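Letter by letter, the chains look like this.
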There are 2 protein chains.
Amino acid sequence: MAIKVHGSWFATAPMRVFSCLNEKGLDYEFVPLDMRAGEHQKEPFLSLNPFGQVPAFEDGELKLFESRAITQYIAQAYSDKGTPLISKDPKEMAIVLVWMEVETQRYDPPASKLTWELGIKPILGRSTDDAVVEEQEPELAKVLDAYEVRLAQSKYLGGDSISLADLHHLPTLSYLMGSRVKAVFDSRPHVSAWCADILARPAFKKVVAMRNNQ
Amino acid sequence: MAIKVHGSWFATAPMRVFSCLNEKGLDYEFVPLDMRAGEHQKEPFLSLNPFGQVPAFEDGELKLFESRAITQYIAQAYSDKGTPLISKDPKEMAIVLVWMEVETQRYDPPASKLTWELGIKPILGRSTDDAVVEEQEPELAKVLDAYEVRLAQSKYLGGDSISLADLHHLPTLSYLMGSRVKAVFDSRPHVSAWCADILARPAFKKVVAMRNNQ
């Protein structure tokens, strides 16, 4: 099998890559890393990603890291397979790129901190730091105010159809919708409908099922 | 003139867009915002960027924000003009995308905090918080250790020729090379040579000259 993903089913960044591969209907080999034992911080993994974070990705001779670079590669290199996740039109793609950057720069910082506190720490048997939650929840709410305006104009962030701009949110979204922060999404009707829509995609439900079966 | 950039010559994100436009040899209109008066946090600017940060960008009817989305649009839409900054080959482009993500996810967080403390605050007549500098400098050094390994294998981050992966570093790099943090770059020979090379590009020197003439 040509495509390999090194990582874990629990970490959000590998989940981003799995959901993209599933949307494209591509087969891949999962190479598990024991992150509790710190395998991602040691060789041979550091040769795949010098920053010691999952996932790392192989497609034949090509070796990549950084989940959002990997999804862009998959969307481009396998553009003729499965769900189109990027646009060939530079102006349409520009809007997708804007909202991909918004996810990275605005949504992800509070969403990742909240996911760690409310989603990952409980799995690891560690306690949530409520001060972090209280600080980050209003930050996330501010970002979602802008999403509510955007999603009132457009079914998906990047336009009329799903794109990487939506897909990149899924891993943190799935953890947060199972936490007490869910109310921040539910209180914004267009955000809430968008969450329900993208979380229900079979390609992502397969990722959650794999995570839940571990 | 079709292309407009709303922003300031001092802020790093508009500088990223100006350097890209100059590499492409494109004409543009600069629309200054009085950021000290908070114009970027008010209408009409918020209609261009709901997150209230510079730059905003217009190319005819198309309106964009987020500097790294704007540079990708420019590189794609004007691929036949000036310096090529992206690759049409998905595998080559994947490596460029990896290092674009590294800039965003690893380099920029410490580099931006250090730029604010050591580059922007002095311009605004405010004093540097040395505790922030002491905390962020080792973070930047760790990232540059990985850059040193990469730049020993490859002249530029994304491959043999300059790309957006290099260009996105220029604004913070130019502030930091004029600060006491310069030593962190200079002590790594491949990083130091790369900095000298990309900072010397005429397209970027024009941006610095515009900033210094304000």
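On a predicted model such as this, the values are computed, not experimentally measured, just so you know.

Basis of the calculations
Residues numbered from 1 in each chain as written. Chains lettered and ligands numbered in written order. Predicted model: local features only at pLDDT ≥ 70, side-chain atom pairs only at ≥ 80, totals over all residues. Heavy atoms only, no water. Helix = DSSP H or I, 4+ residues; strand = E, 2+ residues; numbered from the N terminus. Expected span 1.5 Å × (residues − 1). Buried < 20%, exposed > 50% of the residue type's maximum accessible area, 1.4 Å probe, protein only. Pairing = 2+ DSSP bridges. Axes fitted to C-alpha atoms, helices over the stretch in contact; angles between N-to-C directions. Contact = heavy atoms within 4.5 Å. Least-squares fit on C-alpha atoms with pLDDT ≥ 70 in both. UniProt positions renumbered as here; feature names shortened; annotations may be inferred. Phe/Tyr/Trp six-rings, centres within 6.5 Å; stacked < 30°, edge-to-face > 60°. Buried area = accessible area lost by both parts, 1.4 Å probe. Salt bridge = Lys/Arg side-chain N within 4 Å of Asp/Glu carboxyl O. Polar contact = N/O pair within 3.5 Å; in protein donor to acceptor, adjacent residues only side chain to side chain.

### Some points on helix H1 (residues 12-23) of chain A
Residue and element names in this part refer to chain A.
Thinking step 1. In this model H1 runs 17 Å from its N-terminal to its C-terminal C-alpha over 12 residues, within 8% of the 16 Å that 1.5 Å per residue would give.
Thinking step 2. Counting buried positions over the 12 residues of H1 gives 12, a clear majority of the element.
Thinking step 3. Taken together, the buried positions of H1 are Thr12, Ala13, Pro14, Met15, Arg16, Val17, Phe18, Ser19, Cys20, Leu21, Asn22 and Glu23.
Thinking step 4. Positive backbone phi, approximately 65 degrees, marks glycine 25, located one or two places after H1.

### A closer look at the sheet that holds strand E4 (residues 62-65) of chain B
All names here are of chain B.
Thinking step 1. The strand order across the open sheet formed by four strands is E2-E1-E3-E4, and the pairing between neighbours is mixed. With partners counted over all chains shown, the strands left at the sheet margins are strand E2 (29-32) and E4, one partner each. The mean angle between the axes of side-by-side strands here comes to 20 degrees, regardless of whether they run parallel or antiparallel.
Thinking step 2. Sheet analysis places strand E1 (residues 3-7) next to strand E3 (residues 56-59), joined by four bridges and oriented antiparallel. When the sheet's bridge partners are listed, histidine 6 is paired in E3 with alanine 56.
Thinking step 3. Packing of helix H1 (residues 12-23) onto the sheet brings it into contact with E1, E2 and E3, and relative to E1 it is tilted by some 155 degrees.
Thinking step 4. With respect to the sheet, helix H3 (residues 67-77) is in contact with E3 and E4, its orientation differing from that of E4 by roughly 135 degrees.

### Looking at the relation of the copies chain A and chain B
Thinking step 1. With an RMSD of 0.0 Å, the fit of chain A onto chain B corresponds to turning through 180 degrees and sliding 0.0 Å along the axis. In short, the pair behaves as if placed about a two-fold rotation axis. Residues of chain A ranked by C-alpha distance from the rotation axis are headed by threonine 104 of chain A, positioned 4.2 Å from it.
Thinking step 2. When the interface residues of chain A are mapped onto chain B, 100% of them again fall at the interface, so both copies present the same face.

### Let's talk about the UniProt feature "domain: GST C-terminal" (unreviewed entry) in chain A
Thinking step 1. UniProt annotation of "domain: GST C-terminal" (unreviewed entry) refers to residues 89-214 of chain A when read in the numbering used here.
Thinking step 2. Secondary structure content for residues 89-214 of chain A is 76% helix and 0% strand, while the C-alpha to C-alpha distance between its ends is 41 Å.

### Looking at the packing of aromatic side chains
Residue and element names in this part refer to chain A.
Thinking step 1. In total, this model carries 24 aromatic pairs over all chains according to the counting rule given.
Thinking step 2. Here tryptophan 99 and tyrosine 147 contribute two aromatic rings whose centre-to-centre distance is 5.8 Å and whose plane-to-plane angle is 85 degrees, an arrangement assigned as edge-to-face. Of this pair, tryptophan 99 sits in helix H4 (residues 90-123) while tyrosine 147 is found in helix H5 (residues 130-153), placing the two residues 48 residues apart along the sequence. The same class applies to tryptophan 99 as to tyrosine 147, namely buried.

### Some thoughts on the interface of chain A and chain B
Thinking step 1. Each partner contributes residues to the interface: chain A has 29 residues there, and chain B has 29 residues.
Thinking step 2. Roughly 2,700 Å² of surface becomes buried between chain A and chain B when both sides are summed, with 68% attributable to carbon and sulfur atoms.
Thinking step 3. Three residues, Phe51, Glu66 and Arg106 of chain A, lead the burial of chain A against chain B; their summed loss comes to 22% of the area buried on that side.
Thinking step 4. Counting every contact that joins chain A to chain B gives two salt bridges.
Thinking step 5. When the shortest N-O distance is used, the salt bridge between glutamate 66 of chain B and arginine 106 of chain A registers 2.9 Å.
Thinking step 6. Connecting chain A to chain B are four residue pairs in polar contact (both at pLDDT 80 or more).
Thinking step 7. Looking at the side of chain A that touches chain B, the elements that each hand over two or more residues are strand E4 (62-65), helix H3 (67-77), H4 and H5 of chain A.
Thinking step 8. With 12 residues, the single largest contributor to the side of chain A that touches chain B is H4 of chain A.

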